[in-house]
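Below are the chains, spelled out letter by letter.
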Amino acid sequence: MANWCMNTVEFIADEDKLKVLEQYFLALSKMEFESGFGQLPDVALEERGVMFDIELEAGVLQYNTKWSPNTMVMVAVARHFQVGFKLSFQEYGNQLFGEAFYEHHVLRIFELAQDELNLIDFDEEKETYKFEGTEYELIDEITETMIYRKKISAMNKT
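Note that the structure is predicted; figures quoted are calculated from it, not measured.

This part takes up the side chain of glutamate 32. Along the chain, the position of glutamate 32 falls in helix α1 (residues 15-35). Despite being buried, glutamate 32 has no salt bridge partner; lysine 66 is the closest side chain of opposite charge, sitting 11 Å away. In terms of polar contacts, glutamate 32 uses its side chain to reach the backbone amide nitrogen of aspartate 53, at 2.6 Å.

Structural data, given as C-alpha cells:
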C-alpha cells in the first residue's frame, strides 16, 4: 500500500483563469467520484502523479498522490492554462516536506533534506517534537519554519 502525499495548490492567475481552473478540477473530482479511480489531468506529460481525493475549496486545490508530489503534472497544468502556482506537500512516512513554485516558466523547489529533518527530535513520552530548544505538538509547525528559512536563504543568494 502506498504512503499518501498530501498536496495543496494555490494557482496564481487572474479571476477568469481561476474560474476555468476551478471548473477543470471540479470535473476531475466528479470523474474520480463516479469512477472510483484517481485522476490524471489530460494535459499531463507523464503517467505518474495520479490525483486522489480531489477537493477544491475557496480556490485552493487539495489532493493526495502516491509516495511523492506530482510537481511536473502541476507544471504541465500551469503551462497549459498559462498560470503560476504554489504547491505545498507533505508525506510523513518518507519524511517529504516542501514547497514548489512555478511562475514565468521557472520552477523552484524548496524541499527539506534528511540532514535538516534530523535536527527535529521526537519525545515519545510527551508525544511532542523538539526543535531548537522549543517543544511543538505538530511537526508541521517546524517544517513550515524550516521551509520558510530555505526560501529566505535562497532569496538572499540572488
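The discussion continues.
This paragraph deals with the sheet that holds strand β6 (residues 106-111). Spatially, six strands are ordered β2-β3-β1-β4-β5-β6 in an open sheet, and the strand pairing comes out antiparallel. The open sheet is flanked by β2 (52-57) and β6, the only strands paired with a single partner. Neighbour to neighbour, the strand axes of the sheet diverge by 15 degrees on average, direction disregarded. Examined bridge by bridge, β2 and strand β3 (residues 60-66) share four bridges and lie antiparallel to one another. In the sheet register, glutamate 57 faces β3, and the bridge partner there is valine 60. Contacting β1 (4-12), β3, β4 (84-91), β5 (96-103) and β6, helix α2 (residues 71-81) runs over the sheet at an angle of about 165 degrees to β4. In this fold helix α4 (residues 139-157) packs onto β5 and β6, with an angle of close to 40 degrees to the strand it touches most, β5.

Turning our attention to the packing of α1 against α2. Their axes nearest at 11 Å, the elements α1 and α2 cross at an angle of 130 degrees. When the interaxial angle is binned, α1 and α2 end up oblique. For the pair α1 and α2, the sense of crossing is right-handed. Only Met74, Val77 and Phe81 of α2 make contact with α1, whose side of the interface consists of Lys17, Val20, Leu21, Tyr24 and Phe25.

Calculation rules
- Residues numbered from 1 in each chain as written.
- Predicted model: local features only at pLDDT ≥ 70, side-chain atom pairs only at ≥ 80, totals over all residues.
- Heavy atoms only, no water.
- Helix = DSSP H or I, 4+ residues; strand = E, 2+ residues; numbered from the N terminus.
- Buried < 20%, exposed > 50% of the residue type's maximum accessible area, 1.4 Å probe, protein only.
- Lys, Arg positive; Asp, Glu negative; His and termini not counted.
- Salt bridge = Lys/Arg side-chain N within 4 Å of Asp/Glu carboxyl O.
- Polar contact = N/O pair within 3.5 Å; in protein donor to acceptor, adjacent residues only side chain to side chain.
- Pairing = 2+ DSSP bridges.
- Axes fitted to C-alpha atoms, helices over the stretch in contact; angles between N-to-C directions.
- Contact = heavy atoms within 4.5 Å.
- Parallel < 35°, antiparallel > 145°, perpendicular 65-115°, else oblique.
- Left-handed = near helix turned anticlockwise from the far one by under 90°.

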